Structure formats: C-alpha cells, structure tokens
Amino acid sequence: MLRDGPMPRKRSEPSQPAAKGGAGLRRVAGESSGAVWLPAAVAVLVTSRFFLPAESAAQGETLWIVLLWLICGLAWLFDASRNGDDVGRPDWLGGAIALLVGGHVASALSVLLTEGHKRAALNMLWEWVGVAVAAVLIRAVMRTRSGRDQLLSMILISGVVLSGLGLWQHFVWYPRIASQFAELETLQSELRRAEPTGDAAANRSRLRRVEALRREIGWTPETDGPSGRMFRDRVQASTEPIGRFALANTFAGLLLVTLFLGLGAVIAAVRRGSKFLTWGGVLIGLLIVGYCLWLTKSRTAWVGVIGGLAVLGLFVRRERFGRGPSRWVVVGVAVVLIGMPLAAAL
C-alpha cells in the first residue's frame, strides 16, 4: 500500500503542467489561428523602413507605418487574451527598451508642453510609441523558429535588393547625374554669355535643353539655394552608394547588419550539413552586400565589421571548446571594440 499510494500522485503531478505546456507550445509554434499572420506582418513592417527616407519621419510621412504597428499590436493582444496566452514578463531587455522609448517620449512631451516645433515633436512621439510596439512584437515573433526564419529572410532579401540599388547608384546614377549637372552648367554659362542680338534659335534650343535637364534632375527654383548647391557638389565629387538613405554611413550600417545575419545563416546551414543549393544563393547575395559595403567607404561600418568578427570569434571559441573565453581574450576584444571607434573618428 505504501508503494501503491504515491504512484497516482506521480502520474497526476506532471499531467496538469503538461497540458498547460502543450497549450504554450502550440502558441509558440504559431499553430493558433491568430499567430499565423504575425511573423509575416512584422517582417514586412520592419523591412518597409529600409525603403523609406528616415528623414521624413519628423514630417509625419511614415506615420502610416506606426498605425499599422498599433493595429498589429492590438490584434496580437486580442489574440493572446482570447487564447489565455502569456504576453511576456518584464526583463532587463524590456526595461532597456522602456528607458530608450521613455526618454524620447518625455522629450517630445516637454516640447509639446513648452515651446518648440510641436508638429515635429508630436510626429516623433508617435514614432517612438511605434518603436515600443515594434520591439514587443519582434520579441514575440523571435520566440518561434518560423518567425525568426521569416524575419531573417525578409531582412536578407531587402539587404540584397538595396545593395543592387547601391551598385546601380555607383555605376549608373552618379555618373549620369554628374554629366547632366556639367551639361546644365555649360548651357547656363553659354546663355549668360549670349548676346541679345545673337542667334535666337540657338538660344531657344539651349533654353529648352536647360528646362529638360532640370526636369530630369528634379531641379526646381527652390533647390537653387545652398542645399541644392551642396547636393550638386556632392554628386559631382562622390560616388558612394546611399540606398534609400541620406548618408552613406547609415546605408553601410544596414548592410553591415545584413552581412552578419546572412553570415550566421550560412554557417548554421553548413553545420547542419545542408546542400550548397540551400545556402549558395545566400552566399552570393552576401558577396553583393559586401561589395556594396566596400563602395560606401564607411570607416564606421568597417569598425563594426572588426568588432562583429571579434564577438563572433568569442562565440565560436566557446562553442568549439565548450568553455567561455579567457579573461585576457575578453579584455582584448573590449579594447578592440572601444579603440576602433576612436581610431575611426581621427
């Protein structure tokens, strides 16, 4: 009787947690009806930012993305409450995100309550609210293998597409627009030197060509000021690809993230013994990304490459030898991560 008594308790104790755990696993695996759309929606919303000028956020031109984030967040909360799922617990990463977003929201509120550009402050307040919602949904998606794969695939595809755009800018767009600017300056100089009693037909032809060049370049009377001249000088003196950003350094940062994510995916595929056709296409895309990154001539990005390789080396060493890095290795990597940005700033 003493042996028979505990046996039902031993069988019944894991049964209840197993049922709860099974429901949790179904949610994590994305088998519930509401979770199917979330990874795809998050992947599309994250990568859509890569194709829109970030400088337009203060003007409110990207608030439609914030609205979509809020809609997705509300739908996700509704789905979680309906299925009784846990939406997550506070942790150090969530606290860091809250501090980051809270600081910007407080700054925007101070402008709204005092003086400043209130419209831009209100737009950026909503942008940072969208960042908070995006962070929560991204973390929810990253809990599942399928969600991670979808997000990684969309980032890699977007990075390769933007790298192709960068190569086109370097080899086609910059030379063409520089030649158009040179022709425009030549024609305008000839028109200024032309005599009033000179060849009227030739002057009219030059004037038509000047107007056509202005339309092709997108030149307007408003761009004849200092900003327009700076843009013209930059185009004529630089060929660094910028993608959909205003600065080559910003574009290089995106390419750098794409490069390391793709490199990690290739390494994981090789270790799993996958065929070359599985990861070969990713490797070719990474070569395009790496070449475009080289063309940006961004010293900051190459500092990131060195730092990323150092951190990657630490993880590889730990996985290969089954133990963490030595104290001096950690110190060396820290020196690299701290010293390289200082060297790049010189």
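Going by the structure above, here's the rest.
Numbers given to residues run from 1 along each chain, matching the order in which its sequence is written. Two thresholds apply to this predicted model, a pLDDT of at least 70 for residue-level local features and 80 or more for giving and counting side-chain atom pairs, whereas whole-chain, interface and lining totals are computed over all residues. Hydrogens and waters are ignored; side-chain quantities use all the structure's heavy atoms.

Regarding the pattern of salt bridges
This is how it is decided: What makes a salt bridge here is a side-chain nitrogen of Lys or Arg within 4 Å of a carboxyl oxygen of Asp or Glu, nothing more. Put simply, DSSP H or I for four residues or longer makes a helix, DSSP E for two residues or longer makes a strand, and each gets a number counted from the N terminus. Whether a residue is buried, partly exposed or exposed follows from its accessible area with a 1.4 Å probe, protein chains only, as a fraction of its type maximum: under 20%, in between, or over 50%, in that order.
The tally for this structure, following the rule as stated, stands at 8 salt bridges. Among the salt bridges present, the one from R82 reaches D79, with a minimum N-O distance of 3.1 Å. A residue pair is termed a helical-turn pair when its members lie 3 or 4 positions apart in one helix, as R82 and D79 do in helix α4 (residues 63-83) at 3 residues. Given the relative accessible area of 3%, D79 is considered buried. Two residues, E190 and R206, come together in a salt bridge whose shortest N-O distance is 2.9 Å. With a gap of 16 residues between them, E190 in helix α7 (residues 145-193) and R206 in helix α8 (residues 200-217) connect regions that are remote in the sequence. Linked through salt bridges whose partners overlap, the residues forming this network are E183, R209 and E216.

So, the environment of I217
Let me state the cut-off plainly: Every residue pair with non-hydrogen atoms within 4.5 Å of one another is taken to be in contact.
Along the chain, I217 turns up in helix α8. Dropping the residues within four chain positions of it, I217 is found in contact with I177, Q180, F181 and L184.

Some thoughts on the packing of aromatic side chains
Put simply, the rule reads: For this analysis, a ring pair means two rings from Phe, Tyr or Trp (six-membered ring only for Trp) whose centres lie within 6.5 Å, classed as stacked if their planes differ by under 30 degrees, edge-to-face if by over 60, and tilted for the remaining angles.
The full count for this structure, using the stated rule, is 4 aromatic pairs. Between the aromatic rings of F276 and W279, the centroid separation amounts to 5.0 Å while the plane-to-plane angle is 80 degrees, which identifies the pairing as edge-to-face. Note that F276 and W279 are positioned in helix α11 (residues 276-295) at a spacing of 3 residues, about one turn of the helix. Taking the relative accessible area as the measure of exposure, W279 reaches 17% and is therefore buried.

From the geometry alone we can't say anything about function, so treat these as descriptive.
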